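# Residue-level structural notes
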Amino acid sequence: MTRTRVSIRLRRIFAMLAPGFVLALFGVLLSALAWLGLSQPQRAAVAASAESLIAMAIMGWLIASAALALAAQRLFHDHVDVLAQLEEQTRIRVAGQTRQALAGAGGLEARALAVAISDLAAARDHLLDDIDHQVRQASLGIERERQRLAALMAELNQSVVVCNLDGRILLYNNRARLQYQALSGSPALADGAGAIGLGRSIYAVFDTKLVEHALDTIKRRLARGAGNASAQFVTTTRGGQLLRVQVAAVLDSADAAAQAGGEDAHPHLGGFVLLLDNLTRDFEQQSLRDQLLHAMTEGSRSALANLQAAVEMLEYPDLEPAMRERFLAVVREESRAMSERVQTLAQGAASGLKTRWPMEDMLGADLIAAIARRIDNTEGMLARVDAVDPAIWLHVDSFSLMQSLAYLAARLQQEFDVHRVDLRLSGAGEHAHLDLVWHGTVMSTETVMAWELDPIRVGGESTPLTVRDVVERHAGAFWFERERARHEAFFRFLLPLASGREVPAAAAATHHDSRPAFYDFDLFQTSDMARDLQDRRLDSLSYTVFDTETTGLDPSQGDEIIQIGATRIVNGKLLHQEGFEQLVDPQRPVPAASTRIHGITPDMVRGKPDIHEVLAAFHAFAHDTVLVAHNAAFDMRFLQLKEAQSGVAFEQPVLDTLLLSDLVHPQQESHGLEAIAQRLGVAVVGRHTALADAVVTAEVFLKLVALLADKGIVTLGQAREASQRSRFARVRY
Amino acid sequence: MAHKILIVDDEPNILLSLEYLMQREGFEVRVARDGLQAIEAIEQDAPDLILLDVMMPGKTGLEVCQHVRAIDRLQSVQIIMLTAKGRETDVAKGLALGANAYVTKPFSTRDLVAQVRSLLPSAA
């Protein structure tokens, strides 16, 4: 700005002096020419009157120059000054400080320009207002949608968990929280905090492979253009419960998909929704019903056969009396046994909902390809896809079936040194034959029977299921056959075909549009977890902010933790509902002096879990987060001293609000938690319980992160590096 | 010469009827009460036809069937599976493992006799 002004001043002086200078130059040049054109006598005559001539010329030049300078100044004002002012006003207008019309001045054109700029600015204001209005409307709409969704979630009788593609939880309802608690096999420490939480990974609870398998199924369906892309699996939890998980896709809108860079018209997977159902009861009822039904039908067949045969023998007219009496005895015995059975069944018949294992329609070729991949993953094993009928659609639980085949292949390798298998699929009426074929080695029926009845174990993972269970689940059959002529042996699965076909592609397009748009949140951006932690922004990380209460200040002299409290920060928000608080039995006396500080008496900690149990639970709670504490060196020392004994190591990065505060306000005397809280305007209530202190620390931390950004400290790496330079960083415990 | 039939079932109540029936039809009948007895009887003196129950303690009918099919000199023995398992997949399995026919309980004795006769050469 200053430079512009200076240059304008210089240019003005130049503009005023320039005409005079040009005039002078012109006069001198003219005089010189005239002088050259003169003869000797003439020159003498001119020289005589030179003095007066020069005086007159200078006088004339001065007057003319002054007039020209004035005119130039005028012109400069009208065409340069006015424009410079206009520019300044325009800039102010652009900055949005004022909405006044521009003051026109100067020449006609300059005035017209001022009006035109004013019009343009007004039009822009109008647009901005409009955008503001629309943004407000849209936010209101989103807010309403969220409210509705929240209400719906709360009312839902089913557990709902929404995740992004990384498996991080973005949303869950209360029922999911309760169910999680029931499911986690760990003891109910700190009220089961830590199992579920925003930003936590769903894979802490579910096997990654199961979810990936379901997502693969969904992706395949999407790629084929199927509209109803969902899949399900059944799994057992650590707590021994049987859980049915339905996985539904959350799709990016078509626009987003197009932006993400594909000409392909298929919507992209943006995340997924899990619906959880506890099947344990249902399943027990189901198997009871199955048993009853089986006893009624299959169990009666033999008895009926006995009866019918005996009756038909009795119909022979030439039957000798002794024989007749024996057949009558059979009839009497069988009918009595039958009546008894019906009686028992009627008494035991329990009603219950009919639940099915998660059978899904699947293209046979897809299943075979997946099985081949799975077997190939086993070391030293090669699977080849042999003859596969591409038209076959199966109705199967693909996961358990894949496991069964991988298991059989593994046993072939281990026990019979088979390194190569072929997979075949062909139709057989209402069923299909899925064969696992190998060459050479032959085995006994007893071996096959044993394999069929052993629990499936693949690569260190074991399931309670057997191949027979899996086959029964499919209402199929399984056997071993050999073709001597071709030196071939194979396991054959007889599997049901799919009854209907999937929703064809044509119907799919409208299907997407009719889906209620509940995923209008900003939640589904894939997190940048993959990036190096050190380079990630402080405001994008997840934190566990914690505090400990102890029996004293010196852990190396036997002081112990008696309480751990922690809270979580995810996406820059303090999650008040996801706190961790647990008393610890220090297994030593609690000094009265320390009780005065934290208010925890020996009675309160007696019989509580010991530090190893609590550290394990706290470790799970803090999984995948950065630790934050006030004067963290102190708390970390306590944790580290237990590392060797409990086997629980806290290896994640640690931030210290004490050091961060010193970075932000180096001139301040006190960096005690209370002093910082006061300075940053954080309300302190109920201090000196571990959880309350952790919450204060967390709020202080959030304020500090904002202040650090002003100092150019934005990433975790920067914050840690800067912390090291603090004068407090050398304090050791 | 009469055809030799072996009846294998663990239920005496059906054995009684089947034994009487087949004797009446003019066959030379032996009975076995489980899979092991059956195999013993077969190896001692190969029958022309076996009526074989599937569900038996010890060795099941399917195992007996596989055992018989694994022995070359017994290839001509006809096997009829008698079973309470009526599912289509069970039928398929029985036939795959070498049974010539598969009869689901309960059955009509007249049909069974017809089935037996159709599997045996009518020389006698």
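Each value, and the rule that gives it
- Residues numbered from 1 in each chain as written.
- Chains lettered and ligands numbered in written order.
- Predicted model: local features only at pLDDT ≥ 70, side-chain atom pairs only at ≥ 80, totals over all residues.
- Helix = DSSP H or I, 4+ residues; strand = E, 2+ residues; numbered from the N terminus.
- Buried ≥ 20, exposed ≤ 12 C-beta atoms within 10 Å, placed from the backbone.
- Contact = placed C-beta atoms within 7 Å.
- Pairing = 2+ DSSP bridges.
- Axes fitted to C-alpha atoms, helices over the stretch in contact; angles between N-to-C directions.
- Nonpolar A, V, L, I, M, F, W, Y, C, P; charged D, E, K, R; others polar.
- pLDDT = per-residue confidence, 0-100.
- Right-handed = clockwise from strand over helix to strand, strands pointing away.
- Expected span 1.5 Å × (residues − 1).
- Parallel < 35°, antiparallel > 145°, perpendicular 65-115°, else oblique.
- Left-handed = near helix turned anticlockwise from the far one by under 90°.

## Some points on the overall build of chain A
Of regular secondary structure, chain A possesses 22 helices and 19 strands. Taking all 733 residues of chain A together, 29% fall into the buried category. A sequence separation of at least 24 residues applies to 68% of the contacts in chain A between residues at least 6 apart.

## A look at the sheet that holds strand S4 (residues 242-251) of chain A
Remark on secondary structure: sheet strands pair via backbone hydrogen bonds, oriented parallel or antiparallel. All names here are of chain A. Taken together, the 5 strands give an open sheet; going across it, the order is S2-S1-S5-S4-S3, and neighbouring strands pair in antiparallel fashion. In the strand order of this sheet, the two ends are held by strand S2 (169-172) and strand S3 (230-236), each with one partner. Each adjacent strand pair in this sheet contributes to an overall mean axis angle of 25°, direction not counted. Of the strands in this sheet, S3, S4 and strand S5 (269-278) are in contact with helix H6 (residues 208-223), which crosses S3 at around 165°.

## Here's the deal with the interface of chain B and chain A
Between chain B and chain A, the contact holds 23 residues from the first and 25 residues from the second. Elements with a minimum of two residues in the side of chain B that touches chain A: helix H1 (12-24), helix H3 (61-69) and helix H4 (88-96) of chain B. Per-element accounting of the side of chain B that touches chain A gives the leading share, 7 residues, to H1 of chain B. Per-class residue counts for the side of chain B that touches chain A are 11 nonpolar, 6 polar and 6 charged.

## Some details on the confidence of the model for chain A
Residue and element names in this part refer to chain A. Confidence in the prediction of chain A, expressed as mean pLDDT, is 80, and 84% of residues score 70 or more. For chain A, helix H14 (residues 505-513) is the element with the lowest average pLDDT, namely 33, and strand S18 (residues 626-629) is the one with the highest, namely 93. For the stretch residues 350-356, pLDDT sits under 50, and the model shows 12 contacts to residues farther than four places along the chain or on other chains. Throughout residues 501-530 the model reports pLDDT below 50, and contacts reaching past four residues in sequence, or to other chains, amount to 38 contacts.

## Describing unusual backbone geometry
In this structure, Pro-106 of chain B follows Lys-105 of chain B across a cis peptide bond, with omega equal to -5°. Inspection of the secondary structure puts Pro-106 of chain B in the loop between strand S5 (101-104) and helix H5 (109-119). For Ala-475 of chain A, which is not a glycine, the phi torsion comes out positive at approximately 50°. Looking at the secondary structure, you find Ala-475 of chain A in the loop between helix H13 (467-473) and strand S13 (477-483). By the C-beta count within 10 Å, which is 15 here, Ala-475 of chain A ends up partly exposed.

## Examining the sheet that holds strand S19 (residues 654-656) of chain A
Residues and elements named next belong to chain A. Read from one edge to the other, the open sheet built from 5 strands follows the order S17-S16-S15-S18-S19, with strand pairing classed as mixed. Taken across any chain shown, the strands that pair with only one partner, and hence form the sheet edges, are strand S17 (573-583) and S19. Strand-to-strand twist across the sheet, computed as the mean angle between neighbouring axes with direction ignored, equals 25°. Here strand S15 (residues 543-550) runs beside S18; their pairing, made up of 3 bridges, is parallel. Note on S18: the bridge partner recorded for Val-545 is Val-628. Packing against the sheet, helix H18 (residues 632-646) makes contact with S15, strand S16 (561-570), S18 and S19, and its axis sits at approximately 75° to S15.

## A word on the confidence of the model for chain B
For chain B, per-residue confidence averages 90 on the pLDDT scale, and 98% of positions sit at 70 or higher. For this predicted complex, the interface confidence score (ipTM) comes to 0.82, while the overall pTM stands at 0.47.

## Overview of the pairing of S18 of chain A
Where a strand is regular, its side chains alternate between the two sheet faces. Residues and elements named next belong to chain A. Burial along S18 is two-sided: the face carrying Val-626 and Val-628 and the face carrying Leu-627 and Ala-629 are both buried. Bridging between S18 and S19 involves 3 bridges; their strand directions are parallel. Of the residues in S19, the one forming a bridge with Val-628 is Leu-655. With respect to chirality, the unit in which S18 leads through H18 into the neighbouring parallel S19 is right-handed.

## What about H6 of chain A?
With 16 residues, H6 of chain A extends 22 Å from end C-alpha to end C-alpha; this agrees with the ideal 22 Å at 1.5 Å per step. Positive backbone phi, approximately 90°, marks Gly-225 of chain A, located one or two places after H6 of chain A.

## Here we look at the packing of helix H17 (residues 611-621) of chain A against H18 of chain A
Residues and elements named next belong to chain A. Two numbers describe how H17 lies on H18: the axes approach to 11 Å, and their chain directions differ by 105°. The angle between the axes of H17 and H18 places the two elements in the roughly perpendicular class. Here H17 contributes Ile-611, His-612, Leu-615 and Ala-616 to the contact with H18, which in turn contributes Lys-642, Gln-645 and Ser-646. Along the lines of polarity and charge, the residues of the contact of H17 with H18 split into 3 nonpolar, 3 polar and 1 charged.

## So, the environment of Glu-63 of chain B
On the secondary structure map, Glu-63 of chain B appears in helix H3. Taking the number of C-beta atoms within 10 Å as the measure of exposure, Glu-63 of chain B has 21 and is therefore buried. Considering only alpha carbons, one finds Glu-63 of chain B and Ile-39 of chain B, 24 residues apart in sequence, at a separation of 9.9 Å. If we skip the residues at most four places from it in the chain, Glu-63 of chain B touches Thr-445 of chain A together with Gly-35 of chain B.

## Things to note about H4 of chain B
The complete set of buried residues in H4 of chain B reads Asp-90, Ala-92, Lys-93 and Gly-94 of chain B. The elements touched by buried residues of H4 of chain B are S13 and strand S14 (488-496) of chain A together with H3, strand S4 (78-83) and S5 of chain B. Of the residues trailing H4 of chain B, Gly-98 of chain B is marked for its positive phi of about 115°.

## A word on the packing of helix H10 (residues 364-376) of chain A against helix H11 (residues 398-416) of chain A
The axes of two packed helices give the description: the angle between them and the distance between them. Residue and element names in this part refer to chain A. Remark: H10 packs on H11, axes separated minimally by 9 Å, with the N-to-C direction vectors making an angle of 45°. Regarding the angle of H10 to H11, the classification is oblique. When the axes of H10 and H11 are compared, the crossing they make is right-handed. Contacts from Leu-367, Ala-370, Ile-371, Arg-374 and Ile-375 of H10 reach H11 at Ser-398, Met-402, Leu-405, Ala-406 and Ala-409.

## Focus: the environment of Tyr-407 of chain A
All names here are of chain A. Within the secondary structure layout, Tyr-407 lies in helix H11. Taking the C-alpha atoms as reference, Tyr-407 lies 8.5 Å from Gly-459; in sequence the two are 52 residues apart. Apart from the residues within four sequence positions on either side, Tyr-407 is in contact with Ile-456, Arg-457 and Val-458.

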